[in-house]
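Summary of the model geometry
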Amino acid sequence: MPKNKGKGGKNRKRGKNEADDEKRELVFKEDGQEYAQVLRMLGNGRCEAMCIDGTKRLCHIRGKMHKKVWIAAGDIILVGLRDYQDDKADVILKYMPDEARLLKAYSELPENIRLNEGIAGGGLDEDDDNGADDYIEFEDEDIDKI
């Protein structure tokens, strides 16, 4: 049987507790960077995000974050813009929900962005009371015409 020369298996990697994210200082955008909200995850370390400047970009998750920081649809991220490709960007940082609320309070994020929903602006409002639009009744004459 072969000898184990490594320091452990995948459970050792899984056991690392990176607790330094609990109280980190808030990182603001610099030039060449933009805030964005994830629209959907595409797989292969990529996601589609709507940037605050109104551009939808294909974002690549950097290797330091890959498999360590889980990004889901609706998360607020900081992306680095590319000089040579305007429709692509690189994910630099994922903001925790409390950090995203602070960014909105500091008016770094626009007011129309929805923080804790899955998809930016596409969620259903539960407080709408127009339930009459849920179904359509057809008369027998309408069915005969079809």
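Anyway, here's the lowdown on the structure attached to this text. Bear in mind the structure is a predicted one, so any value in this text is a computation, not a measurement. As a convention, each chain's residues are numbered from 1 in the sequence order in which they are written. Selection of residues for local features in this predicted model requires a pLDDT of at least 70, selection of side-chain atom pairs for listing and counting requires 80 or more, and totals for whole chains, interfaces and linings are taken over all residues. Only hydrogens and water are set aside when side-chain values are computed; all heavy atoms of the structure are taken into account.

1. Details of the overall build of the protein
The numbering of helices and of strands both runs from the N terminus, where a helix is a DSSP run of H or I of at least 4 residues and a strand a run of E of at least 2. The helix and strand inventory of the protein stands at 3 helices and 5 strands. Starting at the N terminus, the α and β elements of the protein follow one another as α-β-β-β-β-β-α-α. Each of the 146 residues in the protein was classed as buried or not, and the buried ones make up 24%. Contacts were defined at the residue level, with two residues in contact if any of their heavy atoms lie within 4.5 Å. Considering only intrachain contacts with a sequence separation of at least 6, the fraction spanning at least 24 residues in the protein is 53%. Roughly 11500 Å² of accessible area belongs to the protein as shown, and the carbon and sulfur atoms make up 47% of that amount. Exposure is judged per residue with a 1.4 Å probe applied to protein chains only, and the accessible area is read against the type maximum: over 50% gives exposed, under 20% gives buried, and values in between give partly exposed. Each accessible area is a Shrake-Rupley result for a 1.4 Å probe, and residues are judged covered by the shown protein chains and nothing else.

2. Points about the side chain of Gln-33
Considering the arrangement of structural elements, one finds Gln-33 in strand 1 (residues 33–43). Any pair of N or O atoms that falls within 3.5 Å is considered a polar contact. Within protein, one atom must be able to donate a hydrogen and the other to accept it, and sequence-neighbouring residues count only if both atoms are side-chain atoms. There is a polar contact of 3.1 Å between the side chain of Gln-33 and the backbone nitrogen of Glu-30. Once you skip the residues sitting within four places of it in the chain, Gln-33 turns out to touch Phe-28, Leu-78, Val-79, Gly-80, Leu-81 and Ile-92.

3. Some words on the pattern of salt bridges
When a carboxyl oxygen of Asp or Glu lies within 4 Å of a side-chain nitrogen of Lys or Arg, that pair is called a salt bridge. This structure, assessed with the given rule, holds 7 salt bridges. Residues Arg-40 and Glu-48 are paired through a salt bridge, measuring 3.2 Å at the closest nitrogen-oxygen approach. Looking at Arg-40, the relative accessible area reads 45%, which means it is partly exposed. The partner of Arg-82 in a salt bridge is Asp-90, and the shortest N-O contact between them spans 2.8 Å. What you see here is one network of salt bridges that share partners, running through Asp-53, Arg-57 and Asp-86.

4. Observations concerning helix 2 (residues 97–105)
Every buried residue belonging to helix 2 is among Glu-99, Ala-100 and Leu-103, and all of these are buried. Projection of helix 2 onto a plane perpendicular to its axis shows the buried side chains occupying an angular sector of 100°, all on one side. With respect to the buried face of helix 2, the exposed residues turned more than 90 degrees away are Pro-97, Arg-101 and Ala-105. Contact partners of the buried residues in helix 2: strand 1, strand 4 (76–81) and strand 5 (88–94). Ser-107, located one to two residues past helix 2, shows a positive phi value of around 55°. Picture the helix axis, draw a direction to every C-beta atom, and the arc is the one those directions span.

5. Observations regarding the nonpolar core
Here, nonpolar core means buried Ala, Val, Leu, Ile, Met, Phe, Trp, Tyr and Cys residues that are tied together by side-chain atoms lying within 4.5 Å of each other. Ranked by size, the top nonpolar core spans 13 residues in total, and within it Ala-36, Cys-47, Cys-59, Ile-71, Ile-77, Val-79 and Val-91 carry the most contacts. Those elements that provide at least two residues to this core are strand 1, strand 2 (46–51), strand 3 (56–61), strand 4 and strand 5. Among the elements that make up this core, the one with the highest residue count is strand 2 (3 residues). Ignoring anything within four residues of it in the chain, the contact list for Ala-36 reads Ala-49, Met-50, Cys-51, Ile-52, Asp-75, Ile-76, Ile-77 and Val-79.

6. Focus: a nonpolar patch on the surface
Candidates for patches are residues over 30% relative accessible area with no salt bridge; among them, like charges are joined within 9 Å and nonpolar side chains (Val, Leu, Ile, Met, Phe, Trp, Tyr) within 5 Å. A cluster of nonpolar side chains, Phe-28, Leu-102 and Tyr-106, forms an exposed patch at the surface whose accessible area comes to about 290 Å². Here Tyr-106 shows up in the loop between helix 2 and helix 3 (140–145). We classify Tyr-106 as partly exposed; its relative accessible area is 48%.

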